[in-house]
Amino acid sequence: MYRGGIIKKSAEQLEEMAVAGTIQARCLRMLRSKVRPGVTTRELDEAAERFIASQGAEPTFLGYHGFPGSICASPNSMVVHGIPGDYVLRRGDLLSIDVGVTKDGWVADAAITAGVGEIDGVARRLLETTEAALNAGAAQARPGNHLGDISHAVQERTERDGFSIIRTLVGHGVGREMHEDPQVPNFGQAGRGPKLEPGMVLAIEPMVNVGGPEVRMGPDGWAVYSSDGSLAAHFEFTVAVTAEGPRILTPWHLDP
Ligand code: MG
């Protein structure tokens, strides 16, 4: 799955990745606006496929190791890799939406978790913590830091609020391929691991359970669930390390 070695991108290549990232972010914002009770995850998948095609881009996930959707749609205790389908969103659900966009051969990968209608206090805190953990990690993506600074920041921010970081699922380098070196764990020690250099591009993606950190594979061989059935959340950016600091290439958090 990994090519071996961290592939740094030139300034020009980062601009090309930013084009893919902007499409990706607009797709995620569009999907978030459609999340409401009564909508099926298949409808979201179809909307994503139409939008990505309208931008002259391709859905990276479709066909990846045989994955049948353009998005991963993972409700409630499902952490990641949910196949979109007949599931009907209900008030109070959490839905994690992960989308990959390939534009001119460059991949952008990012994810959000959204509440469906009104959600309870624990769910709201889980979303706030997981997004804050992503931001804490992304803030460390600067030259001179080490990969472990990202991992440590994500873990520390998550555990401060009493939630559990999943350890068996990790972020990754991204570029021409969706999964490049290095793996980006969501736990670890500051100051450890490869030194970060301008041109490295990382998909940072904390996956957090309300309960314990263990996960299990579902019967379809794709969906991953929290083992204890507790709620899970997933937020992800594609982030470039630049001399000026972290550059979020998938700015779904910004207004269009
Ligand atoms: Mg990813």
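Quick note: structure is the one above.
Cut-offs used in this document
Residues numbered from 1 in each chain as written. Predicted model: local features only at pLDDT ≥ 70, side-chain atom pairs only at ≥ 80, totals over all residues. Heavy atoms only, no water. Helix = DSSP H or I, 4+ residues; strand = E, 2+ residues; numbered from the N terminus. Buried < 20%, exposed > 50% of the residue type's maximum accessible area, 1.4 Å probe, protein only. Contact = heavy atoms within 4.5 Å. Donors = N, O, S within 2.8 Å, 3.2 Å for Na, K, Ca; no water. Expected span 1.5 Å × (residues − 1). Pairing = 2+ DSSP bridges. Axes fitted to C-alpha atoms, helices over the stretch in contact; angles between N-to-C directions. Parallel < 35°, antiparallel > 145°, perpendicular 65-115°, else oblique. Left-handed = near helix turned anticlockwise from the far one by under 90°. Nonpolar A, V, L, I, M, F, W, Y, C, P; charged D, E, K, R; others polar. Phe/Tyr/Trp six-rings, centres within 6.5 Å; stacked < 30°, edge-to-face > 60°.

A. Local environment of the environment of alanine 111. You can see alanine 111 is positioned in strand S5 (residues 106-115). Residue alanine 111 is classed as buried on the basis of its relative accessible area, which comes to 0%. Residues alanine 111 and isoleucine 97, 14 residues apart in the sequence, show an inter-C-alpha distance of 5.5 Å. Excluding residues that lie within four positions of it along the chain, alanine 111 makes contacts with Leu28, Ile97, Asp98, His234, Phe235, Glu236 and Trp252.

B. Spatial organisation of the coordination of the magnesium ion. The protein atoms that coordinate the magnesium ion are Asp109 (OD), His172 (NE2), Glu205 (OE) and Glu236 (OE), at distances of 2.2 to 2.3 Å. Between consecutive donors of the magnesium ion, the numbers of intervening residues give the motif D-x62-H-x32-E-x30-E. Highlighted residues: histidine 172 in strand S7 (residues 171-173) and glutamate 205 in the loop between strand S9 (201-204) and strand S10 (207-209), separated in sequence by 33 residues. Glutamate 205 shares its class with histidine 172; the two are buried.

C. Representation of the pairing of strand S2 (residues 71-75). When you tally the buried positions in S2, you get five out of five residues, the bulk of the element. Along S2, one buried face is formed by Ile71, Ala73 and Pro75 and the opposite face, lined by Cys72 and Ser74, is buried too.

D. Looking closely at helix H4 (residues 147-160). With 14 residues, H4 should cover 20 Å at 1.5 Å per step; its first-to-last C-alpha distance of 20 Å lies within 8% of that length. Listed in full, the buried residues belonging to H4 are Leu147, Gly148, Asp149, Ile150, Ser151, Ala153, Val154, Gln155, Arg157 and Thr158. Two residues or fewer after H4 comes glycine 162, characterised by a positive phi angle close to 85 degrees.

E. A look at the sheet that holds strand S6 (residues 164-165). Pairing is antiparallel in the open sheet, where three strands are placed in the order S6-S10-S13. Of all strands in the sheet, those bounded by a partner on one side alone are S6 and strand S13 (232-234). Its contacts with the sheet place helix H3 (residues 121-138) against S10 and S13, and it is angled at close to 35 degrees to S13.

F. Looking closely at the packing of H3 against H4. Contact geometry for H3 and H4: axes closest at 8 Å, N-to-C directions at 155 degrees. Looking at the two axes, H3 sits roughly antiparallel to H4. By crossing handedness, the relation of H3 to H4 is classed as right-handed. Listed contacts from H4 to Thr129, Ala132, Ala133, Ala136 and Gly137 of H3 are Ile150, Ala153, Val154, Arg157 and Thr158. Of the residues assigned to the contact of H3 with H4, the class counts are six nonpolar, three polar and one charged.

G. A look at the packing of aromatic side chains. Scanning all chains against the criterion turns up three aromatic pairs. Centroid distance phenylalanine 67 to tryptophan 222: 4.9 Å. Interplanar angle 80 degrees. Geometry classified as edge-to-face. Remark: tryptophan 222 occurs in the loop between strand S11 (215-217) and strand S12 (224-226) and phenylalanine 67 occurs in the loop between strand S1 (58-59) and S2; sequence separation between them is 155 residues. By relative accessible area, phenylalanine 67 is classed as buried at 3%. Judged by centre distance (5.9 Å) and plane angle (40 degrees), the rings of phenylalanine 235 and tryptophan 252 are tilted. You can see phenylalanine 235 sitting in the loop between S13 and strand S14 (237-242) and its partner tryptophan 252 sitting in the segment after strand S15 (245-248), a full 17 residues away along the chain. On the basis of relative accessible area, phenylalanine 235 is assigned to the buried category, the value being 3%.

H. Quick peek at the side chain of histidine 179. Tracing the backbone through its elements, the reader meets histidine 179 in the loop between S7 and strand S8 (180-184). For histidine 179, a relative accessible area of 16% corresponds to the buried category.

I. Geometry of the pairing of S9. Every second residue of S9 is oriented toward a common face, with Val201 and Ala203 on one face and Leu202 and Ile204 on the other, all of them buried. Pairing of S7 with S9, which is carried by two bridges, proceeds in the antiparallel orientation. Paired with histidine 172 across the two strands is alanine 203, which belongs to S9. Bridge count for S9 against S14 is four bridges, and the pairing is antiparallel. If you follow alanine 203 over to S14, its bridge partner there is threonine 238.

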